[in-house]
Amino acid sequence: AQSVTQLDSQVPVFEEAPVELRCNYSSSVSVYLFWYVQYPNQGLQLLLKYLSGSTLVKGINGFEAEFNKSQTSFHLRKPSVHISDTAEYFCAVTPANQAGTALIFGKGTTLSVSS
Amino acid sequence: DTGVSQDPRHKITKRGQNVTFRCDPISEHNRLYWYRQTLGQGPEFLTYFQNEAQLEKSRLLSDRFSAERPKGSFSTLEIQRTEQGDSAMYLCASSSRVSGSRGEQYFGPGTRLTVT
């Protein structure tokens, strides 16, 4: 079975500061990894994904994430945040050999950007 | 491509009543998923369909829950004899053969259920 741990439930930052949202996962098989963003009263939007290859993946809105197999981590970063980045962020995994079945999500990290 | 749509967006019901939610996936998407999200938690998988076949059900899907996708297009999720613990956001997602092979799922806006 797979599990996801998002290490910070809330991350407050000032506008234009860098941010890192941390995600660790547990799995005995290879996984695909995802970050989703959820704005208030909206569904989840895919930010980026790691399937294979380069461990640094770039997504929408200036976000990027780095896959670290030895540390079983997939941390999300942005060099300079905007007020509009305030949202809930979810890390998710799915077994690579069962892609297309359930996504397993972490509990989420609330990013609050203030001026 | 109009995205995944869900109806209603909000539902308030009294304990013991039955409720039904509808999800319309992105056109041509063959897989459809249901998740439940409670306050302060990430989405939890409930069930998914490939075309009209229900391929997997979570242990969270008690006997009071039933989901259908009769023609392989829209899906309904029914909760019978609702309980206060059923209060949550119910999310629907869909994927195509291509996006599904990469594990990607596209989510709708959700239906927020409040049981009083």
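If you're wondering where the values come from, they're calculated on a predicted model, not measured in any experiment. (Residues numbered from 1 in each chain as written. Chains lettered and ligands numbered in written order. Predicted model: local features only at pLDDT ≥ 70, side-chain atom pairs only at ≥ 80, totals over all residues. Heavy atoms only, no water.)

Draft legend 1. Main features of the sheet that holds strand S1 (residues 5-7) of chain B. Residues and elements named next belong to chain B. If you trace the four strands from one edge of the open sheet to the other, you get S1-S3-S8-S7, paired in antiparallel fashion. On the outer flanks of this sheet lie S1 and strand S7 (65-68), each paired with one strand and no other. The sheet shows a mean angle of 15° between the axes of neighbouring strands, taken without regard to direction. The pairing of strand S3 (residues 19-24) with strand S8 (residues 75-79) spans five bridges and is antiparallel. Bridge assignment links Cys23 to a residue of S8, and that residue is Ser75. (Pairing = 2+ DSSP bridges. Helix = DSSP H or I, 4+ residues; strand = E, 2+ residues; numbered from the N terminus. Axes fitted to C-alpha atoms, helices over the stretch in contact; angles between N-to-C directions.)

Draft legend 2. Representation of the interface of chain B and chain A. With 22 residues of chain B at the interface, the matching set in chain A holds 21 residues. Summing both partners gives a buried area of about 1,700 Å² for chain B against chain A, and 54% of it is carried by carbon and sulfur. It is B:Pro43, B:Arg102 and B:Phe107 in chain B that bury the most area against chain A; as a group they hold 25% of the surface buried on that side. If you look at where chain B meets chain A, you find one salt bridge. One salt bridge in this structure joins B:Glu104 and A:Lys49, with 2.9 Å as the shortest N-O distance. In this assembly, chain B and chain A are joined by nine residue pairs in polar contact (both at pLDDT 80 or more). Looking at the side of chain B that touches chain A, the elements with two or more residues in it are strand S4 (31-37), strand S5 (44-50) and helix H1 (97-101) of chain B. Looking at the side of chain B that touches chain A, the element that brings in the most residues is S4(B), giving four residues. Here the side of chain B that touches chain A is built from residues that sort into eight nonpolar, nine polar and five charged. (Contact = heavy atoms within 4.5 Å. Buried area = accessible area lost by both parts, 1.4 Å probe. Salt bridge = Lys/Arg side-chain N within 4 Å of Asp/Glu carboxyl O. Polar contact = N/O pair within 3.5 Å; in protein donor to acceptor, adjacent residues only side chain to side chain. Nonpolar A, V, L, I, M, F, W, Y, C, P; charged D, E, K, R; others polar.)

Draft legend 3. The side chain of B:Ser94, seen in detail. Residue and element names in this part refer to chain B. As for its placement among the helices and strands, Ser94 is situated in strand S9 (residues 88-95). Given the relative accessible area of 0%, Ser94 is considered buried. Within the structure, the side chain of Ser94 is placed 3.4 Å from the backbone nitrogen of Ile26, a separation counted as a polar contact. Within polar-contact distance, the side chain of Ser94 engages the side chain of His29 at 2.7 Å. Setting aside anything within four residues of it in sequence, one finds Ser94 in contact with Val4, Pro25, Ile26, His29, Arg31, Leu32, Tyr33, Glu104, Gln105 and Tyr106. (Buried < 20%, exposed > 50% of the residue type's maximum accessible area, 1.4 Å probe, protein only.)

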